[in-house]
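Residue-level structural notes
Now for the letters of each chain:
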Amino acid sequence: MPTPPPRPRTPVEALPSANGLRLQARDVGQEVRGAGRVLHGISLDIAPGRLTVIAGSSGAGKTVLLQTLAGLTTPTEGEVLHDGARPGPPGPEFGFVPQEDILHRELPLRRTLGYAAGLRMPPGTPARTVTETVDRVLGTLGLSERAATPVRALSGGERKRAGIAVELLTRPRVLFLDEPTSGLDPVTGAELLRTLRSLAEDGTTVVMTTHVLADLQRCDQVVFLSPGGEVAYAGEPAALCGAFEVATVEDVYGAVAEGRRVERAAPDEPVRADAVPPPPRAPGIGALRQWSLLTRRGSALLLHSRLSVAVLAGSPVMIVAMFAVLFRAGAFDPAAPDPASTAMIMFWIAFGAFFFGLTYGLLQICTELPVLRREWLAGLRIGPYVASKLTTTLPVLAVADALLLAVLRVLDRLPAANWSTYGSLFVSSVLASAAALALGLLASAAVSEPGQATLMLPLLCFPQVLFSGAFVPVPRMARAGEAVSWAMTNRWAFEALGSGVGLASLWRTAASPLGPPLLESYGDSFGHPASRGWVILAGFTLLFLACTWVILARKCREGAARSRAGR
């Protein structure tokens, strides 16, 4: 069957030419935690503007070598040089495409690339230039007709090309790809290799790993690793089979598995003294602009995510329904108050605000960690990223808290009070939601997948219920329980709400015989101004956000350098 012609596309030459990076490895050895020594004595010289394929059997260390050459991890032995110098921090001129998707799936492809371009392109780039760059890259990769399609609706091959499109927005000098043709049909894989070759011919240094045999014949240089992580062959693909005296590429794998090696199939190209110096590195955008762009993107993702909309809309409805079923109207009636019900109403408002923030925050980071890691390599700062999560979601939570208080007042589950009282209740609720959101972000950053975040929900909720001081007043707790309650944001939200609504005064003057004993059991829980609870809740929010920043910074560094010894 004849091979169908490739889809028409804009030639790569339509993109600005790149000044490729020269890569050198000198006696590189690499250890991986839990796997021991993976690479041994790797020496390579990859000239600018060449397409190099790293091949070998599973466990040979292909991904480890790719990440080491990229400078994402420091070799245990030897050194890696970029243009004759130690690798510096990654930036827009550096491209790395991992196996997993590095794009948000909810937004249309063109809009997704537009946000990526905003983070990568120099400050002050006109919007028209950003749009033209995105359209040009879409044309280069044959994705123009899919520009309005949500990323989740793209085929596997289209998503692979979309991931590469992100890197081409700033025309990198070097592009690293981890098995870009894995899982693609032969026609799509060959088409992707033609695109990568065109990039190399136009100046970009391209290095990729592969398990696909056909890829080895479409590159400029093959680096074949032995099962022990040594270079079994480095040279032109046309000479690969002859070097091992076998008939097919499949036989090369068998020969290498038997321990055969070709020390040097082609001489190194010397580094020219008159090589063209790399262009000056363009400054990245500032933290404030990153925060603004990430907040806009987060808002767009929020509106396009059905799960997020369902959680935000469903949680207040559930809480209001619970109030209507559990409590009778008129609990705050000064003539005949119900002290026990008033305490429980304040607690469930506090817990409702906590639940709103926690349930959304838990899925905010773990679902997009690969995207964050890649954008961090391109210059994204962790601080603006974390701050954008708060500013994207907190206004929505504030609206939910306001609606909750308004509906409860209409249902007569809250007292007829002045604006000052309800202002206090609103501030307490919003700060409770903010602290819970920050706690959810912290948990989301700490776990590695969404399933683990879901399991965290009851683990985080139960202590907030038990040690809030609502069911067992803090003065009645054992010393250990009282110590734990200090770390519960729900305790401070409950006490701030109770102080704001005046529970102590209501119970003191209550005709019900339960009032004075209940007030005595709670001690001075509601004897402090609500502002005390506000300060503590704000402090917890900042603490949780700072811890989230620390964890994400560590994960980005370790994730970028993480090597999977299984390859």
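Residues numbered from 1 in each chain as written. Predicted model: local features only at pLDDT ≥ 70, side-chain atom pairs only at ≥ 80, totals over all residues. Heavy atoms only, no water.

**Section: the pattern of salt bridges**
To be explicit about the condition: Salt-bridge detection follows one rule: a side-chain nitrogen of Lys or Arg within 4 Å of a carboxyl oxygen of Asp or Glu. Numbering of helices and strands runs from the N terminus, with a helix taken as a DSSP run of H or I at least four residues long and a strand as a DSSP run of E at least two residues long. Note on classification: 1.4 Å probe, protein chains only; a residue is buried when its accessible area is under 20% of the maximum for its type, exposed when over 50%, partly exposed between these limits.
In total, this model carries 17 salt bridges according to the counting rule given. Linking E132 and R128 is a salt bridge whose minimum nitrogen-to-oxygen distance equals 3.2 Å. Of this pair, E132 and R128 both sit in helix α3 (residues 127-140), four residues apart, which is roughly one turn of the helix. Exposure remark for E132: the relative accessible area of 38% places this residue in the partly exposed category. On the accessibility criterion, R128 (65% relative accessible area) is exposed.

**Topic: the pairing of strand β3 (residues 51-56)**
Heads up, the rule is: Pairs of strands are assigned from DSSP output, requiring at least two bridges between the strands.
Counting buried positions along β3 yields six of six residues, so the element is predominantly enclosed. Side-chain alternation along β3 places L51, V53 and A55 on one buried face and T52, I54 and G56 on a second face that is also buried. In this sheet, strand β8 (residues 221-225) lies alongside β3 in parallel orientation, the contact comprising five bridges. Bridge pairing links A55 to F224 in β8.

**Focus on helix α1 (residues 62-70)**
Each α-helix winds once per 3.6 residues, and so residues spaced three or four apart point in a common direction. Across the nine residues that make up α1, a large majority, nine, are buried. Among the residues making up α1, those that are buried are K62, T63, V64, L65, L66, Q67, T68, L69 and A70. Looking one or two residues beyond α1, the residue adopting positive phi is G71, at roughly 85°.

**A short note on the sheet that holds strand β6 (residues 174-178)**
What counts is decided by this rule: Axes here refer to lines fitted to C-alpha atoms; in helices the fit is confined to the stretch in contact. Angles between the N-to-C directions go from 0 to 180 degrees. Contacts between residues were defined by any pair of non-hydrogen atoms, one from each residue, lying within 4.5 Å.
Spatially, six strands are ordered β5-β6-β7-β3-β8-β9 in an open sheet, and the strand pairing comes out mixed. A strand with exactly one partner marks an edge of an open sheet, and here the two such strands are β5 (94-97) and β9 (231-235). Strand-to-strand twist of the sheet, defined as the mean angle between neighbouring strand axes without regard to direction, takes the value 10°. Relative to β8, helix α7 (residues 249-257) is tilted by about 40°, and along the sheet it contacts β3, β8 and β9.

**Notes on empty space enclosed by the protein**
Threshold: Put plainly, a pocket is an open set of points on a 1 Å grid over the protein atoms alone with protein on both sides within 12 Å along at least five of seven lines, a cavity is a set where a 1.4 Å probe fits but cannot get out, and a lining residue has an atom within 4 Å of a point. Grid points are joined across faces, edges and corners, and a volume is the space filled by probe spheres set on the points. Under the convention adopted here, Pro, Cys and the residues Ala, Val, Leu, Ile, Met, Phe, Trp and Tyr are nonpolar, Asp, Glu, Lys and Arg are charged, and Gly plus all remaining residues are polar.
Inspection of the entire model under this criterion finds four cavities of 30 Å³ or more. Approximately 130 Å³ is the volume found for the second largest cavity. As for the second largest cavity, its lining consists of 17 residues, and the residues nearest its centre are V97, P98, R159, K160 and G163. Those elements that place two or more of their residues in the lining of the second largest cavity are α4 (156-168) and β6. For the lining of the second largest cavity, the element with the most residues is α4, which contributes four residues. Classifying every residue of the lining of the second largest cavity gives nine nonpolar, two polar and six charged.

Distances and angles like these do not, on their own, reveal function.
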